[in-house]
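Next come the chains, spelled out residue by residue.
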Amino acid sequence: MAETPLDLSLDAARLTARLVDLPSESGDEKPLADAIEAALRSLPHLSVDRHGNNVVARTYLGRSERVVLAGHIDTVPIAENVPSRLDEEGVLWGCGTCDMKSGVAVQLRIAATVPEPNRDLTFVFYDNEEVAAHLNGLGHVAAAHPDWLEGDFAVLLEPTDGQVEGGCQGTLRVKLRTKGERAHSARSWMGANAIHAAAPILERLAAYEPRRPVIDGLEYREGLNAVAVEGGVAGNVIPDLCTVTVNFRYAPDRDEQEAIAHVREVFEGCPIEEFVVDDHSPGALPGLSHPAARAFIEAVGGTPQPKFGWTDVSRFSALGVPAVNYGPGNPLLAHKRDERVLASMIPEAERRLRDWLTA
Ligand SMILES: [Zn+2]
């Protein structure tokens, strides 16, 4: 293997810079995966597995709990922002500094410097997170080797500005079709207007009152919204088809089937001819009541926040592993040309994780 040496004795901020300078746009992660694998294989307390460009390393100390620390190694396309640059204010600039090579650096530092953790550790480094879901390396590992991802609790080191973000909301997209009958618009009584038939659907949406359920102490906010309306044949034709696409963002106390059933119920009595589930990703429970999670919250401090968007914590949840996001870096700076991270936040996150894993 022609690996680039990765020196895990560098402090977390320097290691982040090193990782940024090893480009790994989605689909081109191999050199970085090779370097990570080689660095981990040099650590005698870890057993290392690889599937494609995904690397998993585990301790086997016989502890009563196992914690997973996971992060993606790919970045969005570089935008003239590599190599990295550290300025006088201590800000590290470059593609992936925030999302999420700083988090990956923290994982690597914990792997290298905590040989006897109080909980068994699993480190997951995966590819293709920033692209289509079917390419996602964590999904591939979950399908091929679900046992590699077993654990009691998982932390994804995505940028959260040092806050704990618990669980994530699910998302469901449904196409609601109304039908009518085409006719010349000069003789509209000869037809039936499918766009007009959609009016009650829009009324229900406008009147919808979303829930704000509290789960494990976190308040989630649901939303049911039209995201597209399609209809119309020509300027002189009564349309015979109209499609309203609705997106339901739902709290993780509902599962997939309950979310679909809820949407059906909302539109009950509307003249819907077809109800098509177009896209669906389930949510994830925060699992903050688990002892390992509680100890984690205590060690890192702050008030956990709910995650409204969909994230890979949901893939762990599907495997029965509660998961949260926690990492250095401000998520609002992810994917930007001027992507950056306050360098001091990186060793700070490392210190808090170490406190939790060595207490
Ligand atoms: Zn990310």
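Residues numbered from 1 in each chain as written. Predicted model: local features only at pLDDT ≥ 70, side-chain atom pairs only at ≥ 80, totals over all residues. Heavy atoms only, no water.

(A) Looking closely at unusual backbone geometry. Between Val82 and the following residue, Pro83, the backbone shows a cis peptide bond with an omega angle of 5°. Mapped onto the fold, Pro83 is located in the loop between strand S3 (66–72) and strand S4 (85–86). Omega for the peptide link from Asp99 to Met100 comes to -10°, which places this bond in the cis form. One non-glycine residue, Asn128, lies in positive phi territory at about 55°. With respect to the element layout, Asn128 can be found in the loop between strand S6 (120–126) and helix H4 (137–144). (Helix = DSSP H or I, 4+ residues; strand = E, 2+ residues; numbered from the N terminus.)

(B) Inspection of the sheet that holds strand S17 (residues 305–306) at higher detail. The 8 strands lie next to each other as S1-S2-S6-S3-S7-S18-S8-S17, forming an open sheet whose pairing is mixed. Edge positions in the sheet fall to strand S1 (47–51) and S17, since each has one partner strand and no second. As defined by bridge partners, strand S8 (residues 165–166) adjoins S17 across 2 bridges and the pair is classed as parallel. By the bridge assignment, Glu165 is partnered in S17 with Gln305. Across the sheet, helix H2 (residues 30–41) is in contact with S1, strand S2 (54–58) and S6; its angle to S1 comes to roughly 160°. (Pairing = 2+ DSSP bridges. Contact = heavy atoms within 4.5 Å. Axes fitted to C-alpha atoms, helices over the stretch in contact; angles between N-to-C directions.)

(C) Layout of the domain arrangement of the chain. We note that the domain assignment places domain 1 (12–167 + 284–358) and domain 2 (170–281) within the chain. In this structure, domain 1 and domain 2 have C-alpha centres spaced 38 Å apart. Both sides of the domain 1 and domain 2 interface together cover about 950 Å² of buried area, and 66% of this is carbon and sulfur. In this assembly, domain 1 and domain 2 are joined by 0 salt bridges. In this assembly, domain 1 and domain 2 are joined by 3 residue pairs in polar contact (both at pLDDT 80 or more). (Domains from an automatic or database assignment. Buried area = accessible area lost by both parts, 1.4 Å probe. Salt bridge = Lys/Arg side-chain N within 4 Å of Asp/Glu carboxyl O. Polar contact = N/O pair within 3.5 Å; in protein donor to acceptor, adjacent residues only side chain to side chain.)

(D) A look at the coordination of the zinc ion. Those protein atoms acting as donors to the zinc ion are His72 (NE2), Asp99 (OD) and Glu158 (OE), and they sit at 1.9 to 2.1 Å. The sequence motif formed by the donor residues of the zinc ion is H-x26-D-x58-E. Residue Asp99 is located in helix H3 (residues 97–113), and its partner Glu158 is located in the loop between strand S7 (153–156) and S8; the two are separated by 59 residues in the primary sequence. On the basis of relative accessible area, Asp99 is assigned to the buried category, the value being 7%. We classify Glu158 as buried; its relative accessible area is 12%. (Donors = N, O, S within 2.8 Å, 3.2 Å for Na, K, Ca; no water. Buried < 20%, exposed > 50% of the residue type's maximum accessible area, 1.4 Å probe, protein only.)

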